[in-house]
Amino acid sequence: MNTTHDLKNLVKLGIDMTNVDFIVALAGNPNTGKSTVFNSLTGLQQHTGNWPGKTVTRTEGAFSYLGHKYKIVDLPGTYSLLSTSTDEEIARDFILFGKPDVTIIVADATRLERNLNLTLQVLEITDRAILCLNLIDEARRHNITVDHVKLSEILGIPVVPTAARQKEGIPELLETIHKVVTGETKCNPYRVNTNFRDIAPAVEKLESKIKVLFPELPNTRWIALRLLEGDQKIIDAVRSGEIGKLIFEEMEG
Amino acid sequence: MKNERELIIEEAEKLRWEVGDNLHDSLLESIYKSAEEISRKVVSRNDAGKISRKNIDHLIDKIVTNKWTGLPIMFLLLAAVFWITIVGANYPSSFLAKVLVDTLHPLMKDLFVSLSSPEWLTGALIDGGYLAVAWVVSVMLPPMAIFFPLFTLLEDFGYLPRVAFNMDGIYKRVGAHGKQALTMSMGFGCNAAGVIAARIIDSPRERLVAIITNNFSLCNGRWPTQILIASIFIGNLVPPYLAGIASAGAVVSIAVLGVVFSLIVSWGLTRTVLKGEPSAFSLELPPYRPPRILQILYTSLIDRTIFVLWRAIVFAFPAGIVIWSVANINVGGISIAEHFIDWANPYAMLIGLNGVIILAYIIAIPANEIVIPTILMLTVLSLKISGIGAGAGVMFEMDNPADVAQLLKLGGWTALTGINLMLFSLLHNPCSTTIYTIYKETKSIKWTLVATLLPIVLGILVCYATTQLWYLFT
């Protein structure tokens with residue numbers, strides 16, 4: 001009955017990125033297997049290596065699944081999206097301005113807590129995300145169990161346990177991607193509590209103004225927080241209207 | 001619209017005063033707290049019973065990153081990789097040489113002659129271009145096909161970050177970035193790859209240091225030279241049963257010397273033209289993972305071996321034509337090559353080399369792999385020996401190192417020439433691909449020139465010093 005649950009529906013397209021229907025971003029901490037996930041979806045043989053920081057720029061590839069064509073972008077591995085190193089900026093800018101239809105966060109199941117730091121930051125920016133709980137085989141060997149059903153409930157996004165090196169969980173990941181981009185699965189991401197030190201009124205004030213100016217922005221609260229922090233890149237993007245423009249372009253296109 | 005956007009920014013600036021200035025830290029704290037809470041709810045560990053894999057990882061790390069055992073283990077691993085490469089590459093190399101050079105070369109030459117191709121065309125294309133390519137393939141392919149999978153195996157297993165960990169302190173002491181240890185390791189495979197790998201270093205200053213010094217990592221293309229010369233001149237100094245180990249040891253020493261030079265030059269650069277504090281970086285030691293053999297074979301053969309080989313072939317063909325031409329175009333009765341050799345000989349002798357070696361290095365800029373065949377060909381030419389090789393300007397390599405030794409000794413080579421050639425092979429300009437890659441990565445003619453000329457200057461100084469010391473003690 002469930003025909004989607006099969007790798008046969010996956011067509012690896014390598015670098016053929018013409019006429020794509022959806023854009024998928026691949027984010028995650030360094031050395032969690034992003035490139036391995038990327039390779040198993042695109043059929044590309046991007047060099048993978050067991051050391052952090054190997055993917056220094058973003059790499060793109062394509063695949064097709066159940067009639068839809070996807071472009072997938074492998075972002076540099078980062079621990080956070082809030083500080084200012086080049087790789088973090090590349091990752092953040094793509095999730096923010098590249099407007100991916102879904103962002104897959106690849107997390108190391110054996111180091112969930114640290115990986116959640118990035119996950120939560122990604123969820124601040126985007127509404128549509130999937131947590132790919134990778135290296136689940138390693139977690140098993142270390143006698144670590146992660147309740148992925150509960151995790152999915154808490155985070156408000158689908159969570160797919162995978163062992164990408166062994167191709168385990170890749171069919172499920174594909175099916176989940178399909179469901180999220182087609183709207184079959186709705187995400188309702190967990191948002192970190194920022195209601196401390198009475199900043200809420202200030203955030204709300206800014207947020208409502210941003211909403212008026214850029215009604216299509218999904219992450220007005222995040223923008224408001226960055227403006228409050230004095231994040232120069234975001235200030236510039238608001239000043240130039242770049243933040244709103246990309247959305248209008250997408251609507252016309 | 002524009003005004004409204006400015007108004008928002010102004011408003012934000014005003015509000016920023018109200019919320020205080022460490023909002024960023026509070027936000028981070030809030031995120032960390034949430035992450036901790038969530039993970040507490042969903043993660044459970046069962047550490048009871050048997051030794052967990054984590055403990056094994058810790059145990060391995062205790063040994064391979066230990067202050068005392070870390071570096072020796074690293075050198076032993078390196079030596080083992082070299083030794084397997086040297087020993088294993090021998091047979092496939094001579095097989096390929098037999099097919100490509102001994103069998104196919106005469107056949108192709110006969111074909112061209114039967115098509116009544118003019119002699120200069122046959123010479124330039126077959127004796128020049130084809131033979132250069134054939135040599136590069138037979139000399140380079142087997143060692144690469146052995147070295148790259150071994151190297152990738154160590155990488156996939158998770159050893160490379162440990163190398164960086166071991167070397168980090170040393171690199172930091174000379175003012176460079178700890179990650180330079182990683183780019184240096186990559187350079188052992190191919191300097192162009194090592195230069196590209198320097199992108200992992202964020203600070204432009206430290207990246208430049210890593211790029212400029214990467215050439216001191218003895219690359220693949222230079223081992224055949226090292227190995228052959230070591231087995232002729234170093235292997236001969238010891239009893240035959242020790243020859244293999246002594247030659248491998250000599251090659252490892254040269255490789256280690258390269259690391260030492262990269263440290264010295266990094267030290268010099270960071271104290272003069274590229275001054276600054278080393279930036280800190282966090283390096284996570286990933287868990288050891290069982291390597292995936294098939295994956296390794298595929299990526300190391302396709303991504304690395306074929307890629308590097310193809311590049312060498314592309315450069316070797318025109319270089320072969322140039323070699324044939326300089327050996328066959330005569331000016332005033334003797335060839336251009338001989339003119340140059342005669343002119344360069346006195347200068348070359350000062351640094352314990354000879355004109356042939358200098359000319360070979362100039363011709364072989366595109367690919368280090370063709371240095372040895374070029375040297376042999378030019379030696380025959382300058383000696384006007386008949387009966388060895390296949391005629392003027394025809395590159396050849398002799399299957400038996402003893403034949404090579406005899407020829408080189410006839411050409412006036414001594415153990416000093418051999419040692420200096422090994423040193424010069426370590427310390428000379430990068431190959432043209434690497435030079436081009438350096439330019440592409442730095443976008444600066446100035447730094448490309450520095451990276452190109454600095455090793456030559458060092459090479460000349462070191463060879464000069466070695467020569468003077470040699471004469472002092474012999």
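Bear in mind the structure is a predicted one, so any value in this text is a computation, not a measurement. Counting starts from 1 at the beginning of each chain's written sequence and moves along it residue by residue. Each chain is given a letter, starting from A, and each ligand a number, starting from 1, according to the order in which they appear as written. Owing to the predicted nature of the model, reporting of local features is limited to residues with pLDDT of at least 70; listing and counting of side-chain atom pairs is limited to 80 or more, with chain, interface and lining totals taken over all residues. Hydrogen atoms and water are omitted, and side-chain values are computed over all heavy atoms in the structure.

Undergrad: Could you clarify how one ought to interpret the pattern of salt bridges in this entry?
TA: Side chains that differ in charge, positive against negative, can pair when their charged atoms come close. The term salt bridge refers to a pairing of a side-chain nitrogen on Lys or Arg with a carboxyl oxygen on Asp or Glu at a separation within 4 Å. The full count for this structure, using the stated rule, is 18 salt bridges over all chains. Note that Lys71(A) and Glu60(A) form a salt bridge whose closest N and O atoms lie 3.7 Å from each other. In this pair, Lys71(A) sits in strand E4 (residues 68–74) while Glu60(A) sits in strand E3 (residues 59–65), placing the two residues eleven residues apart along the sequence. What makes Lys71(A) buried here is its relative accessible area of 18%. Here Glu206(B) and Arg205(B) are joined by a salt bridge, their closest N and O atoms 3.7 Å apart. A residue is classified by how much of its surface remains accessible, and Glu206(B), at 1% relative accessible area, is buried. Through salt bridges with shared partners, one network takes in Lys205(A), Lys209(A) and Glu11(B). Strands are runs of DSSP state E lasting at least 2 residues, helices are runs of H or I lasting at least 4, and numbering of each runs from the N terminus. Only protein chains enter the area calculation, which uses a 1.4 Å probe; residues under 20% of their type maximum are buried, those over 50% are exposed, and those in between are partly exposed.

Undergrad: Would you explain the nonpolar core in this entry?
TA: The nonpolar side chains of a soluble globular protein tend to be buried, and buried together. To define a nonpolar core, start from buried Ala, Val, Leu, Ile, Met, Phe, Trp, Tyr and Cys residues and group those joined through side-chain atoms within 4.5 Å. Ranked by internal contacts, the top residues of the largest apolar core, which has 110 residues, are Tyr171(B), Ile229(B), Ile375(B), Leu378(B), Leu408(B) and Trp413(B). Among the elements that take part in this core, helix H5 (residues 119–157) of chain B stands out by supplying 14 residues, more than any other. With 90 residues, the next largest nonpolar core counts Val160(A), Val203(A), Val19(B) and Ile38(B) among its residues.

Undergrad: Mind showing me how you'd approach the confidence of the model for chain A here?
TA: All names here are of chain A. Confidence of the predictor at the level of single residues is captured by pLDDT, which takes values from 0 to 100. With 85% of its residues at a pLDDT of at least 70, chain A reaches an overall mean of 81. What makes two residues a contact is simply this: any of their non-hydrogen atoms within 4.5 Å. Long-range and interchain partners of residues 50–56, a stretch whose pLDDT sits below 50, account for 36 contacts in this model, where long-range means more than four residues apart. Every residue in residues 246–253 scores below 50 in pLDDT, and together they form six contacts with partners more than four places removed in sequence or on other chains.

Undergrad: What exactly am I supposed to notice about the sheet that holds strand E5 (residues 102–108) of chain A here?
TA: Two pairing modes exist for strands in a sheet, parallel and antiparallel, and in both the strands are linked by backbone hydrogen bonds. Residue and element names in this part refer to chain A. At least two bridges found by DSSP between two strands is the condition for calling them paired. Spatial ordering of the open sheet is given by E1-E3-E4-E2-E5-E6-E8, a layout of seven strands whose pairing is mixed. With partners counted over all chains shown, the strands left at the sheet margins are strand E1 (10–14) and strand E8 (159–161), one partner each. When strand polarity is set aside, the average angle formed by the axes of neighbouring strands in this sheet is 25°. In terms of strand pairing, strand E6 (residues 129–134) meets E8 through three bridges, oriented parallel. Bridge assignment links Leu-131 to a residue of E8, and that residue is Val-159. Working convention: axes come from line fits to C-alpha atoms, limited for helices to the stretch in contact. Angles between N-to-C directions cover 0 to 180 degrees. Across the sheet, helix H3 (residues 112–125) is in contact with strand E2 (22–28), E5 and E6; its angle to E5 comes to roughly 165°. The strands touched by helix H6 (residues 170–181) within the sheet are E1, E2, E3, E4, E5, E6 and E8, with E3 carrying the most contacts at an inclination of about 85°.

Undergrad: Mind showing me how you'd approach the pairing of E6(A) here?
TA: Looking down a regular strand, the side chains alternate between one sheet face and the other. Residue and element names in this part refer to chain A. In terms of burial, E6 is a largely internal element, six of the six residues being buried. A two-sided burial pattern is seen for E6, the buried positions comprising Ala-129, Leu-131 and Leu-133 on one face and Ile-130, Cys-132 and Asn-134 on the other. Relative to E6, E5 runs parallel, the two being bridged by six bridges. Across the sheet, residue Ala-107 finds its bridge partner in E6, namely Leu-133. The handedness of a crossover follows from its direction of travel: if, with the strands pointing away from the viewer, the path from the first strand over the helix to the second runs clockwise, the crossover is right-handed. Crossover E5 to E6 through H3 is right-handed.

Undergrad: Teacher, can you tell me more about unusual backbone geometry here?
TA: Residue and element names in this part refer to chain A. Positive phi, normally seen in glycine, also occurs at Leu-135, with a value near 60°. Topologically, Leu-135 is positioned in the loop between E6 and helix H4 (136–141). With a phi close to 60°, Asn-143 is a non-glycine residue in the positive phi region. Locating Asn-143 in the fold gives a position in the loop between H4 and strand E7 (144–146).

Undergrad: Help me understand the environment of Arg191(A), please; the structure alone is not making it clear to me.
TA: Residue and element names in this part refer to chain A. For Arg-191, the location among the structural elements is in the loop between H6 and helix H7 (200–213). Note on Arg-191: relative accessible area 30%, which makes it partly exposed. For the pair formed by Arg-191 and Leu-123, sequence separation is 68 residues and the distance between their alpha carbons is 6.9 Å. Once residues lying within four places of it in the same chain are set aside, the contact partners of Arg-191 are Leu-123, Glu-124, Thr-126, Asp-127 and Arg-221. Separated by 3.5 Å, the side chain of Arg-191 and the backbone oxygen of Thr-126 make a polar contact. Engagement of the side chain of Arg-191 in a polar contact is seen with the side chain of Asp-127, the distance being 3.0 Å. Polar contact is defined as a pair of N or O atoms within 3.5 Å, subject to the rule that within protein one atom must be able to donate a hydrogen and the other to accept it, and that residues adjacent in sequence are counted only when both atoms are side-chain atoms.

Undergrad: Help me out: how do you make sense of helix H1 (residues 34–42) of chain A in this one?
TA: Since one α-helical turn is 3.6 residues long, residues separated by three or four positions face the same way. All names here are of chain A. The buried count for H1 comes to nine of nine residues, which makes it a mostly enclosed element. Looking only at H1, the buried set comprises Lys-34, Ser-35, Thr-36, Val-37, Phe-38, Asn-39, Ser-40, Leu-41 and Thr-42. Positive backbone phi, at 75°, marks Gly-43, one or two positions downstream of H1.

Undergrad: So what exactly am I meant to see when it comes to the packing of H7(A) against helix H8 (residues 220–229) of chain A here?
TA: Think of two packed helices as two axes; the pair is described by the angle between the axes and how far apart they sit. Residue and element names in this part refer to chain A. Axis separation between H7 and H8 bottoms out at 8 Å; the angle between their running directions is 120°. With respect to H8, the axis of H7 lies oblique. Crossing hand, H7 versus H8: right-handed. Here Ala-202, Val-203, Leu-206, Glu-207, Ile-210 and Lys-211 of H7 lie close against H8, whose contacting residues are Thr-220, Arg-221, Ile-223, Ala-224, Leu-225, Leu-227 and Leu-228. By residue class, the composition of the contact of H7 with H8 is nine nonpolar, one polar and three charged. Between 65 and 115 degrees an angle is taken as roughly perpendicular, under 35 as roughly parallel, over 145 as roughly antiparallel, and anywhere else as oblique. A clockwise turn of the near helix away from the far one marks a right-handed crossing, whereas an anticlockwise turn of less than a right angle marks a left-handed crossing. Under this grouping Gly is polar, as are all residues other than the nonpolar Ala, Val, Leu, Ile, Met, Phe, Trp, Tyr, Cys and Pro and the charged Asp, Glu, Lys and Arg.

Undergrad: When you look at the side chain of Ser217(B) in this model, what are you seeing that I'm missing?
TA: Locating Ser217(B) in the fold gives a position in the loop between helix H9 (204–213) and helix H10 (223–234). Here Ser217(B) is in contact with Met184(B), Gly187(B), Phe188(B), Asn191(B) and Arg222(B), once residues within four sequence places are set aside.

Undergrad: Explain helix H14 (residues 355–363) of chain B to me, please; I cannot follow it from the model alone.
TA: Of all nine residues making up H14(B), seven are buried, and the element is well covered by its neighbours. When we look at burial in H14(B), the residues that qualify are Gly355(B), Val356(B), Ile357(B), Leu359(B), Ala360(B), Tyr361(B) and Ile363(B).

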